[in-house]
Amino acid sequence: MSNATIKALNERKLRDKSSFRETVRNSLTMAYRGLLKIKRTPEQLFDVTLQPIIFTLMFTYIFGGAISGNVQNYLPVIIPGILVQTVITTSIVTGVQLREDMDKGVFDRFKSLPIARIAPLAGALLADTVRYTIATVLTFTMGYIMGYRPEGGLGFVFLAGILVIICSWAISWIFAFFGVISRTASSVQGISMIILFPLTFLSNAFVPTNTLPDLLQWFVKINPISHLVTAVRQLTNSGTIGWDFTISLIGAGIIVAIFAPITVRAYMRRA
Amino acid sequence: MNRTTSKRTVIENKDWAVEAHGLVKTFGDNRAVDGVDLNVRAGTIYGVLGPNGAGKTTTIRILATLLKADAGSAQIFGYDVEKEPQLVRQLIGVTGQYASVDESLSAMENLIIFSRLLGLGRTDAKRKALNLLEEFGLMEAAKRPLKNFSGGMRRRLDLAASLIAQPPLIFLDEPTTGLDPRTRNQMWETIRRLVNEGSTVLLTTQYLQEADELADRVAVIDRGQVVAEGTVNELKESVGTSSLHLSIQNEQYMQEARLMVERVLNVQSAVSTEGGKITAPMADADRVTDLLITLREAGIQLAELSVQKPTLDEVFLSITGRKTSLEDETSATSNKSNKKEKLI
Ligand SMILES: Nc1ncnc2c1ncn2[C@@H]1O[C@H](COP(=O)(O)OP(=O)(O)O)[C@@H](O)[C@H]1O
Ligand SMILES: [Mg+2]
């Protein structure tokens, strides 16, 4: 049993804190764990794979005729809308899984290891960007198959994808917060849906704002999701970076600035 | 593993692996740990013996920096678990009561991830994982997901994961509960090996026999309090002697045999109600020889003869003056103790 030979006590050098480099290393290892888990349980990816496909088909054929006259004209409106809605909804999973993870025995081991306390949280948030990427690619691919040819060209489509992924990552901090403080995984899911459902549907994602009653119009216009949807439309359909692009990034920044510290604090108290 | 050493420290206390004083932890109005003192000498196996719900897991979680005590203090090799948890974590390996490995990953992946977290490079982590899998007989199952692992395999993997950093102190929370006798014996072997190589082991168990097999010293814990502490022999002496059980082939000589037992051993005996079995305390092992000779001379043939050591029940009966009353609450508490504290 050579490798379990115990190092003599006085040969050990102890560190009382993780350095920044170790923190990054630990977080990357935890992210790698997240990716392995996705690979091992691909059924976890049902939401990010099925939702873009089904929603794109459904919304396009149900609303296409009514809103834009025909399906082809509706695609430039609906694809950015569905993209934003799908990817942001996906970010709920971050909170739910974080909760599930923290309830498992393996979390005790992470807590008993001399690693950066923040690593499991940071790793989870990092690994989930892979989900957002999958959802983004699938939505654009679905759109392409149905005939969507974004005028902005591939470069701007790419940029739009990145923008959506960044914003979803920012929003995932909100759900991570609920994940850390909640009692059960299903309550995380519940709270998150209650917040997200109105935000995504009461936006300009699926319908033009001017068809709505006044009060709704007011809400839709201040809804940050609407700004993100508009920013994506401008990028993909005309290759322009407008004010909405900036607003979206600022919004993402504000969310992270608020939720990252309180999530980390709540998490550290429990970890 | 010690590349970026921001601050170097030497081990403060090499004699005592664990020193805990007056640990208290309450959950609501349940005093799960109620003033526990524990002192574990480095290089020994220490057993914490107690029935389900006694507070063993809670005590270990406090010592392993997983839970904050409400009162009291604990040092691991001289480092305070509350003030210097990050130092303590570099000196311990924890094998929890409930598998602390990742269910959805394979054994190999689990060990690689823990090794990487402990600072090993990619190739070193892989080598370490392979070595441990080999050592714990998990090689064939290395790539399979843990879902199909038996209880014994899971336990072994769990222990392997605790040994990656070769920690000088290892916590084992009920390492053999639920294992079949063969796997349990293997686990005992492993634990003994660890200590031979210089580790200190603090283990909890519900079985007196296990403590007897392994531990140098034992603390008996009940309702969150240490009710007895000492070597296993001291403990047994306080409990009393083993008992002799014998049954004879021809039951018509029962009464005769019983009289001989009482006369030769000079004790009171009892006959079990299922019939056919005589039970008597065995204070002096030498006299059993005399008894056997006497029985043979009288032509009474034995069907079975056994000596039974005191059970945990008897230990409790003698120390606390009552039966392990917790036994009937067993199922309820084991469910509860599985849960963690929640915030909302
Ligand atoms: N997280 C917890 N929340 C509430 N009660 C708990 C918790 N953990 C343990 N307990 C209670 O504390 C007591 C001691 O539990 P535990 O330390 O798990 O005992 P043992 O490991 O000896 O079986 C039990 O009554 C158990 O129900
Ligand atoms: Mg326990």
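Owing to the predicted nature of the structure, the values given are computational and were not obtained by experimental measurement.

> I'm lost on the overall build of chain A in this one. Help?
A tally of helices and strands in chain A yields 12 helices and 0 strands. Mapped in sequence order, the helices and strands of chain A form the string α-α-α-α-α-α-α-α-α-α-α-α. For chain A, buried positions account for 52% of its 271 residues. Long-range pairs, those at least 24 residues apart, make up 77% of the contacts in chain A between residues at least 6 apart in sequence. Total accessible area computed for chain A in this model is approximately 11600 Å², and 70% of it derives from carbon and sulfur atoms. Side chains of chain A carry 24 positive and 13 negative charges; the gap between the two charge centres is 7 Å.

> Got a minute to help me understand the domain arrangement of chain B in this structure?
How big an interface is tends to be stated in terms of accessible area lost as the parts join. By the assigned domains, chain B splits into domain 1 (16-237) and domain 2 (241-308). Placing the centre of domain 1 of chain B and that of domain 2 of chain B at their C-alpha centroids yields a distance of 42 Å.

> Can you walk me through the pattern of salt bridges in this structure?
Oppositely charged side chains are able to pair whenever their charged atoms sit close together. On inspection of all chains with the given rule, the structure shows 20 salt bridges over all chains. Residues Arg61(B) and Asp108(A) are paired through a salt bridge, measuring 2.5 Å at the closest nitrogen-oxygen approach. Here Arg61(B), found in helix α1 (residues 56-63), pairs with Asp108(A), found in helix α5 (residues 105-112), and the two come from separate chains. Of the two residues, Arg61(B) and Asp108(A), neither departs from the other in class, the shared state being buried. Residue Glu229(B) is joined to Arg217(B) by a salt bridge in which the shortest nitrogen-to-oxygen separation is 2.9 Å. Placement of the pair is Glu229(B) in strand β10 (residues 225-231) and Arg217(B) in strand β9 (residues 217-222), with a sequence separation of 12 residues. Its relative accessible area of 37% is what places Glu229(B) among the partly exposed residues. Owing to a relative accessible area of 33%, Arg217(B) belongs among the partly exposed residues under this scheme.

> Is there a simple way to think about the coordination of the magnesium ion (ligand 2) in this case?
By definition of the ideal shapes, four donors in a tetrahedron about a metal sit 109.5 degrees apart, and six donors in an octahedron sit 90 or 180 degrees apart. Coordination of the magnesium ion (ligand 2) by the protein is provided by Thr57(B) (OG1) and Gln97(B) (OE1), with metal-donor distances spanning 1.9 to 2.0 Å. Of this pair, Thr57(B) sits in helix α1 while Gln97(B) sits in the loop between β6 (92-95) and α3 (107-117), and the two are 40 residues apart along the sequence.

> I'm lost on the packing of helix α8 (residues 154-181) of chain A against helix α12 (residues 243-270) of chain A in this one. Help?
Think of two packed helices as two axes; the pair is described by the angle between the axes and how far apart they sit. All names here are of chain A. Orientation of α8 relative to α12, taken along the N-to-C sense of each, is 25°, at an axis distance of 8 Å. When the axis of α8 is compared with that of α12, the two are roughly parallel. The interaxial crossing formed by α8 with α12 has left-handed handedness. For the contact of α8 with α12, the class distribution of residues is 23 nonpolar, 2 polar and 1 charged.

> Looking at this structure, how should I read the side chain of Asp102(B)?
Mapped onto the secondary structure, Asp102(B) falls in the loop between β6 and α3. Once residues within four sequence positions are removed from consideration, Asp102(B) is found in contact with Arg33(A), Lys37(A), Val106(A), Asn110(B) and Leu146(B).

> Help me understand the sheet that holds strand β7 (residues 169-173) of chain B in this model?
Hydrogen bonds along the backbone pair up the strands of a sheet, which may run parallel or antiparallel. Residues and elements named next belong to chain B. Overall, mixed pairing links the 6 strands, which are arranged β6-β7-β8-β3-β9-β10 in an open sheet. Whereas interior strands pair on both sides, the edge strands pair on one side only; in this sheet they are β6 and β10. With direction set aside, neighbouring strand axes in the sheet form an average angle of 15°. Examined bridge by bridge, β7 and strand β8 (residues 200-205) share 5 bridges and lie parallel to one another. Paired with Ile 170 across the two strands is Val 201, which belongs to β8.

> Looking at this model, I keep getting lost on a nonpolar patch on the surface. Mind explaining?
Taken together, the side chains of Phe46(A), Leu50(A), Ile54(A), Met58(A) and Ile62(A) make up a nonpolar region of the molecular surface, amounting to roughly 480 Å² of accessible area. On the secondary structure map, Phe46(A) appears in helix α2 (residues 46-68).

> Just to check I follow, could you spell out the packing of aromatic side chains for this structure?
Centre distance and the angle of the planes are the two values used to describe a pair of aromatic rings. If you walk through the whole model with that rule in mind, you get 12 aromatic pairs over all chains. When the ring of Phe107(A) is compared with that of Tyr267(A), the centres are 6.4 Å apart and the planes differ by 90°; the resulting orientation is edge-to-face. Of this pair, Phe107(A) sits in helix α5 while Tyr267(A) sits in helix α12; the two residues are 160 residues apart in sequence, bridging distant segments of the chain. No difference in accessibility class separates Phe107(A) from Tyr267(A), as the two residues are buried. Through a chain of ring-to-ring contacts, three or more aromatic side chains come together here, namely Phe55(A), Phe59(A), Phe63(A), Phe197(A), Phe201(A) and Phe206(A). The lysine or arginine in question, Arg109(A), covers the ring of Phe114(B), its NZ or CZ lying 5.3 Å from the ring centre. One cation-aromatic arrangement involves Arg41(B) over Trp16(B); the distance from NZ or CZ to the ring centre is 4.4 Å.

> Is there a simple way to explain the packing of helix α9 (residues 254-265) of chain B against helix α10 (residues 286-297) of chain B in this structure?
Residues and elements named next belong to chain B. One way to put it is that α9 packs onto α10 with a least axis distance of 9 Å and a crossing angle of 145°. The chirality of how α9 crosses α10 is right-handed. Across the interface between the two elements, Ala 257, Met 260, Val 261, Arg 263, Val 264 and Leu 265 from α9 touch Arg 287, Val 288, Asp 290, Leu 291, Thr 294 and Leu 295 from α10. Along the lines of polarity and charge, the residues of the contact of α9 with α10 split into 8 nonpolar, 1 polar and 3 charged.

> Looking at this structure, I do not really get unusual backbone geometry. What am I missing?
Residues and elements named next belong to chain B. A positive phi angle is found at Thr 65, which is not glycine, with a value near 65°. With respect to the helices and strands, Thr 65 occurs in the loop between α1 and β4 (71-76). Thr 65 gets classed as buried once you look at its relative accessible area, which sits at 12%. Residue Arg 223 is not a glycine yet carries a positive backbone phi of 50°. Along the chain, the position of Arg 223 falls in the loop between β9 and β10.

> I'm lost on the environment of Met108(B) in this one. Help?
Residues and elements named next belong to chain B. Mapped onto the elements, Met 108 comes out in helix α3. Taking the C-alpha atoms as reference points, Met 108 and Gly 22, 86 residues apart in sequence, are found 40 Å from one another. Aside from chain neighbours lying at most four places away, what touches Met 108 is Lys 126, Ala 129, Leu 130, Leu 133 and Ala 142.

> I'm lost on helix α9 (residues 185-201) of chain A in this one. Help?
Each α-helix winds once per 3.6 residues, and so residues spaced three or four apart point in a common direction. All names here are of chain A. For α9, with 17 residues, the first-to-last C-alpha span of 24 Å sits near the 24 Å given by 1.5 Å per residue. Along α9, the sharpest kink reaches roughly 25°, centred on Met 193. Taken together, the buried positions of α9 are occupied by Ala 185, Val 188, Ser 192, Leu 196 and Thr 200. For α9, the secondary structure elements touched by its buried residues are α3 (71-90), α4 (92-102), α8 and α11 (224-238).

Rules used in this analysis
Residues numbered from 1 in each chain as written. Chains lettered and ligands numbered in written order. Predicted model: local features only at pLDDT ≥ 70, side-chain atom pairs only at ≥ 80, totals over all residues. Heavy atoms only, no water. Helix = DSSP H or I, 4+ residues; strand = E, 2+ residues; numbered from the N terminus. Buried < 20%, exposed > 50% of the residue type's maximum accessible area, 1.4 Å probe, protein only. Contact = heavy atoms within 4.5 Å. Areas by Shrake-Rupley, 256 points an atom, 1.4 Å probe, with all protein chains shown as cover. Lys, Arg positive; Asp, Glu negative; His and termini not counted. Charge placed at Lys NZ, Arg CZ, Asp CG, Glu CD. Domains from an automatic or database assignment. Salt bridge = Lys/Arg side-chain N within 4 Å of Asp/Glu carboxyl O. Donors = N, O, S within 2.8 Å, 3.2 Å for Na, K, Ca; no water. Axes fitted to C-alpha atoms, helices over the stretch in contact; angles between N-to-C directions. Parallel < 35°, antiparallel > 145°, perpendicular 65-115°, else oblique. Left-handed = near helix turned anticlockwise from the far one by under 90°. Nonpolar A, V, L, I, M, F, W, Y, C, P; charged D, E, K, R; others polar. Pairing = 2+ DSSP bridges. Patch = residues over 30% accessible without salt bridge, like charges linked within 9 Å, V, L, I, M, F, W, Y side chains within 5 Å. Phe/Tyr/Trp six-rings, centres within 6.5 Å; stacked < 30°, edge-to-face > 60°. Lys NZ or Arg CZ within 6 Å of the ring centre and 35° of its normal. Expected span 1.5 Å × (residues − 1). Bend = angle between axes of the 7 residues up to and from the residue.

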